[in-house]
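Residues per chain, in single letters:
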Amino acid sequence: MVKKALHYMVIGMIFVPLLYGVWLLLRVFLFDFFSIPTYSMYPTLKPRDEVIVNKMLMGARIYKDLHFEKKGIELKSWRTRGIRPIRHNDIVVFNFPHHDWKISFIINNVFCKRVLALPGDTISIVEGFYRNNNYEEVLGLEEEQKKYADLPENESWRKEMQTYPHDEHVKWTPYNWGPMYIPRKGDVIRISPHEAALYGFILEWELGKKVTRDWETGEVRAGGHLLTRHRFKHNYYFMAGDNVMDSDDSRFWGLVPEEYIVGIVYFKFSTK
């Protein structure tokens, strides 16, 4: 009896860690689970809904450095070969990239939004409706955008909220925003104070230098040196919530680097 009990204990000691290891590998390379905490994607996703993220579609992100800090780190990773690229209107889970006015990575700080613009697109909001020069179909939920466009007079303040890039020379609102070009890796753009305002976080992240702009002289400097052109080193995406009136998204804090995307939402289910 004792020998049999010991036999089962040994089997358990071997197979439980093995099964746990397999489970972790599946979550790293194939899929992961996330819970929706807010109404930002309502009515598509509701608080406490669970989503399964398919990591195989765009490729799983593998960390090169497992030393994580709560205040944020420089993300070092590579991605396995995927099945397909991200498409317009995909819903994705990503690490929120903006902390303390710079791009940094915090491992458990994740958002879930819809992709409305891909690298190489130009996106804008015209009287409350999203417009993309490379996509003729509806972006997001048109009925939610219509609700926003038809807000009553006593809620007109929602149309006048301050948005990205938070510069007095670029007077964009959630009602009329952009147009903004979404950078694609390898693209070269001319840099004026306007571009420095739109891509300031990105420029500082890619160059590793403080970027300043002078609207009177038209000069932009990086680390004190004149900056007139820049070649982007990463792909970027514009993310937005379906709940247009109550979503903290790219309209307010900017773009998401491709490396920060965990994966594409493949399935959802409600726990209620």
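Quick note: structure is the one above.
Chemist: Honestly, the side chain of Glu206 in this entry has me stumped. Any pointers?
Modeler: Inspection of the secondary structure assignment puts Glu206 in helix H4 (residues 200–207). Here Glu206 is buried and forms no salt bridge, its nearest opposite-charge partner Lys233 lying at an N-O distance of 5.9 Å. A polar contact of 3.3 Å, which involves the side chain of Glu206, links it to the backbone nitrogen of His234. Aside from chain neighbours lying at most four places away, what touches Glu206 is His230, Arg231, Phe232, Lys233, His234 and Tyr236.

Chemist: Looking at this structure, how should I read unusual backbone geometry?
Modeler: Glycine aside, the phi torsion of most residues is negative, and most peptide linkages are trans. Along the chain, Tyr164 connects to Pro165 via a cis peptide bond; the corresponding omega equals 15 degrees. Tracing the backbone through its elements, the reader meets Pro165 in the loop between helix H2 (142–149) and strand E11 (177–181). Geometrically, the link from Gly178 to Pro179 is a cis peptide bond, its omega value of 5 degrees lying close to zero. Note on placement: Pro179 falls in strand E11.

Chemist: When you look at the sheet that holds strand E9 (residues 122–126) in this model, what are you seeing that I'm missing?
Modeler: Pairing between the strands of a sheet is mediated by backbone hydrogen bonds and can be parallel or antiparallel. The three strands lie next to each other as E10-E9-E11, forming an open sheet whose pairing is antiparallel. Looking at strand neighbours, the two that pair on one side only are strand E10 (129–132) and E11, the edges of this open sheet. Each strand of the sheet is rotated relative to its neighbour by a mean of 15 degrees, with strand direction disregarded. Examined bridge by bridge, E9 and E10 share four bridges and lie antiparallel to one another. What sits directly across from Ile125, in E10, is Tyr130.

Chemist: Just checking my understanding: could you explain the pairing of E9 for this structure?
Modeler: The pairing of E9 with E11 spans three bridges and is classified as antiparallel. By the bridge assignment for E11, Thr122 is matched with Tyr181. Linkage of E9 to E10, two consecutive antiparallel strands, is achieved through a turn of two residues, within which Glu127 is found at a positive phi near 50 degrees.

Chemist: Before we go on, may I ask you to explain the pairing of strand E17 (residues 236–240) in this structure?
Modeler: Regular strands have side chains that alternate between both faces of the sheet. Counting buried residues along E17, five of its five residues qualify, which places the element largely inside the surrounding structure. Going residue by residue along E17, you find Tyr236, Phe238 and Ala240 tucked away on one face and Tyr237 and Met239 tucked away on the opposite face as well. Strand direction decides the pairing type here: strand E8 (residues 110–117) and E17, joined by three bridges, are antiparallel. Note on E17: the bridge partner recorded for Val115 is Met239. Bridge count for E17 against strand E18 (residues 256–257) is two bridges, and the pairing is antiparallel. Paired with Tyr236 across the two strands is Pro257, which belongs to E18.

Chemist: Would you mind showing me how to read the environment of Met56 here?
Modeler: Topologically, Met56 is positioned in the loop between strand E2 (50–54) and strand E3 (61–63). Given a relative accessible area of 37%, Met56 falls into the partly exposed group. Between the C-alpha atoms of Met56 and Arg81, which are 25 residues apart in sequence, the distance is 8.0 Å. Non-local contacts of Met56, meaning those with residues more than four positions away in its chain, are made with Phe29, Leu30, Arg81, Gly82 and Ile83.

Chemist: Where do I start with the sheet that holds strand E14 (residues 219–222) in this structure?
Modeler: In spatial order, the strands read E13-E14-E15; together these three strands make up an open sheet with antiparallel pairing. At either margin of the open sheet sits one strand with a lone partner, and together these are strand E13 (211–214) and strand E15 (225–226). As judged from the two bridges shared by E14 and E15, these two strands associate in the antiparallel manner. Bridged to Arg221 within E15 is Leu226.

Chemist: Whenever I open this one, H2 confuses me. Can you help?
Modeler: It helps to recall that an α-helix has 3.6 residues per turn; residues three or four apart then point in one direction. Within H2, the full set of buried residues consists of Glu144, Gln145, Tyr148 and Ala149. Along H2, the residues classed as buried sweep out an arc of 145 degrees about the axis, all on the same side. Elements in contact with the buried residues of H2: E10.

The rules behind each value
Residues numbered from 1 in each chain as written. Predicted model: local features only at pLDDT ≥ 70, side-chain atom pairs only at ≥ 80, totals over all residues. Heavy atoms only, no water. Helix = DSSP H or I, 4+ residues; strand = E, 2+ residues; numbered from the N terminus. Buried < 20%, exposed > 50% of the residue type's maximum accessible area, 1.4 Å probe, protein only. Lys, Arg positive; Asp, Glu negative; His and termini not counted. Salt bridge = Lys/Arg side-chain N within 4 Å of Asp/Glu carboxyl O. Polar contact = N/O pair within 3.5 Å; in protein donor to acceptor, adjacent residues only side chain to side chain. Contact = heavy atoms within 4.5 Å. Pairing = 2+ DSSP bridges. Axes fitted to C-alpha atoms, helices over the stretch in contact; angles between N-to-C directions. Arc of directions from axis to C-beta.

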